[in-house]
Amino acid sequence: MRGNAKLSRALLEAFFALGVIAGVAGVISGIVAMVGSEVSAIVELPHQQLSPGRPLTGLITAGSVTLLPETGTLTLLDPTLAQRLAAGAPELIAALTVLLVSVQLWRAVRAMNGETAFVERTVSSVVAAARTAAVGVGVYVVVQGPAQVELAAAAPDSLDLPVSAFISFAPLIYPLALFAFAEVLRQGLTVNRELEGVV
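Let me sum up the structure you'll find in this document. Keep in mind it's a predicted model, so treat the numbers as computed, not measured. (Residues numbered from 1 in each chain as written. Predicted model: local features only at pLDDT ≥ 70, side-chain atom pairs only at ≥ 80, totals over all residues. Heavy atoms only, no water.)

Let us now look at the pairing of strand 6 (residues 73–76). Here strand 1 (residues 39–42) runs beside strand 6; their pairing, made up of 4 bridges, is antiparallel. Bridge pairing in strand 6 places Ile42 opposite Thr73. In the sheet, strand 5 (residues 65–68) pairs with strand 6 via 4 bridges, with the strands oriented antiparallel. From the neighbouring strand, Leu68 faces strand 6, where its bridge partner is Thr73. Here strand 5 folds back onto strand 6 in antiparallel fashion, the turn holding 4 residues, of which Gly72 has a positive phi close to 75°. (Pairing = 2+ DSSP bridges. Helix = DSSP H or I, 4+ residues; strand = E, 2+ residues; numbered from the N terminus.)

Shown next, in the form of structure tokens:
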């Protein structure tokens, strides 16, 4: 039983350590996206054709903007500051959130030191991680839409691309799951205290 607990703890530590590494890599990638000589983004393409029976294919270039219709990849060769921020900020925010939450959960697992998970310190750490995730995801959702609009607006006028944003609220499931997990730990802590009172 103790061996299983040690194995579980080691696996959790490794998992959250990978989260830290992924977060650091994402932060670097977000910074590079903002300071690079060009920025790329995936844009929504309308169902249009260049001519009857001929689909919209091939690389389209207009000034310092290129578009690959097959993938919807828009590349800005001479981006403005706003376009750089639009390309890198959402990724940077997401990566910072993953990094901070992973560090908090990794420290919580490390602090258990053979104890049960149903202790006040673990509950507090998971709640803190859930709050961090909620703030990070909230900022990401708010920034994501305007960033998409800013990048789509740089598309060639000849394509008549819709300057719109698709905002996904799916990331909100992560902080909700952490809050739910914290509640499970809190209930376990309450049961432990009641059992200690009985003994």
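The next subject is the side chain of Ser102. By the secondary structure assignment, Ser102 is in helix 2 (residues 81–112). Excluding residues within four positions of it along the chain, Ser102 makes contact with Phe16, Gly19 and Val20. (Contact = heavy atoms within 4.5 Å.)

Another aspect to go through is the pairing of strand 5. Across 3 bridges, the pairing between strand 4 (residues 60–62) and strand 5 is antiparallel. Its bridge partner lying in strand 5, Ile60 is registered against Leu67.

Within the largest apolar cluster, 14 residues are counted, with the highest numbers of intra-cluster contacts made by Val101, Leu105, Val123, Val126 and Leu178. Those elements that provide at least two residues to this core are helix 2, helix 3 (120–152) and helix 4 (173–198). Per element, the largest residue contribution to this core is 6 residues, and it comes from helix 3. Excluding residues within four positions of it along the chain, Leu105 makes contact with Phe16, Val126, Ala129 and Leu178. Core analysis: the second largest hydrophobic core is formed by 12 residues, Val39, Val65, Leu76 and Ala154 among them. (Core = buried A, V, L, I, M, F, W, Y, C linked by side-chain atoms within 4.5 Å. Buried < 20%, exposed > 50% of the residue type's maximum accessible area, 1.4 Å probe, protein only.)

Interpretation in functional terms is not warranted from these geometric data alone.
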